[in-house]
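# Chains, contacts and geometry: an overview
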There are 2 protein chains.
Amino acid sequence: MRPDDSVTQAERVVLQYLWEVGVATIRDVRDELYPGGETSEYATVQKLLERLEAKGLVKRSRRSVPHTFAAKVERDTFVGRRLDDLAATYCDGSYDPIVSHLVRRAKLTDRERARLESLVDSLRRAAMPKRARE
Amino acid sequence: MRPDDSVTQAERVVLQYLWEVGVATIRDVRDELYPGGETSEYATVQKLLERLEAKGLVKRSRRSVPHTFAAKVERDTFVGRRLDDLAATYCDGSYDPIVSHLVRRAKLTDRERARLESLVDSLRRAAMPKRARE
DNA sequence: CCGAAGCAAAGACAATTTGTCTGAGAGCGA
DNA sequence: TCGCTCTCAGACAAATTGTCTTTGCTTCGG
């Protein structure tokens, strides 16, 4: 089962900060997320970054001290994986219900809705045969 | 902060079983998910159903004994909520990155891909929706 | 050289969430 | 009544998650 790279609440906040600023030290993150924080909060951030690194979501540069950290996976890629998880867990891997939801619930213009609907039809037809390789 | 209608692993399996069979008693669920299970497993299922009910995901009929249970939220609706959670949590409520992922990752034909891409362009120009929930 | 400050690393907790189980009591049919 | 099934409330164990302590290294100004 894949989602070894999903994140907890606290990890998520750190990851989002990295997406926002690009590169940061532990101190940077602590000062932003735990204003007024001291050494214990420093260690907390350190642990969260360590876990994110272990999940392959953050890369650490050890070339200098203090180490610098950056997201290894872009936000959109990460969201895409969560989307894949959703499809795999609940929809037998199919994107159909997800696209359907976009059609029904998202506040799209009529034209956008029509486009998505035709996509749904295409997906349905393509889902039947196994050898539709490009 | 986690949406209070998301489910845990064990809850999910129960919910999926309800989606599959429609209506079931605790005993039905236990016999399916814990083959050979006895009273302790019965209680486990009972607790999971109770929690699912508290989350508004399952409805219980107390009109007869034993009570019967059914999903209160359809699978696609549920998946849609998770999708909304994703968009709200990571994309500031925008569906843009999600549609983008469908373009890049989903195994679509070239024509389908082109359609989705033009949808993405339209979405980019339009004001992005906030998520709505009944 | 000394000591203070900043840091990395490891691991120990505490808190919370999740999964499982026990026990008491009601209802019902044999 | 006895035996069975059920509901309900809550206790508990296990796992996950968030936080903190400790240790020892390095660097740098005096």
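This report concerns the structure included in the present document. (Residues numbered from 1 in each chain as written. Chains lettered and ligands numbered in written order. Predicted model: local features only at pLDDT ≥ 70, side-chain atom pairs only at ≥ 80, totals over all residues. Heavy atoms only, no water.)

### A closer look at the environment of B:Tyr34
All names here are of chain B. In this fold, tyrosine 34 is placed in the loop between α2 (26–33) and α3 (39–54). Here tyrosine 34 falls in the partly exposed class, since its relative accessible area comes to 28%. Once the C-alpha coordinates of tyrosine 34 and threonine 44 are considered, the two residues, 10 residues apart in sequence, prove to be 9.8 Å apart. Apart from residues lying up to four places away in sequence, tyrosine 34 is in contact with Val29, Glu41, Thr44, Val45 and Leu48. (Helix = DSSP H or I, 4+ residues; strand = E, 2+ residues; numbered from the N terminus. Buried < 20%, exposed > 50% of the residue type's maximum accessible area, 1.4 Å probe, protein only. Contact = heavy atoms within 4.5 Å.)

### Let's talk about the protein's contact with DNA strand D
Around DNA strand D sit 20 residues in total, of which A:Thr8, B:Arg27, B:Tyr42, B:Lys47 and B:His67 are the nearest. Each atom of DNA strand D within 4 Å of the protein was classed as base or backbone; sugar and phosphate made up 60%. Between DNA strand D and B:Gln46, the relevant distance is 3.3 Å, taken from a base nitrogen to a side-chain nitrogen or oxygen of the residue. Between a phosphate oxygen of DNA strand D and a main-chain N or O atom of B:His67, the distance comes to 2.8 Å. Among the elements of the structure, α1 (9–21) and α3 (39–54) of chain A together with α2 and α3 of chain B are those that each provide at least two residues to the surface near DNA strand D. In terms of residue count, the dominant contributor to the surface near DNA strand D is α3(A) (6 residues). (Near = heavy atom within 4 Å. Polar contact = N/O pair within 3.5 Å; in protein donor to acceptor, adjacent residues only side chain to side chain.)

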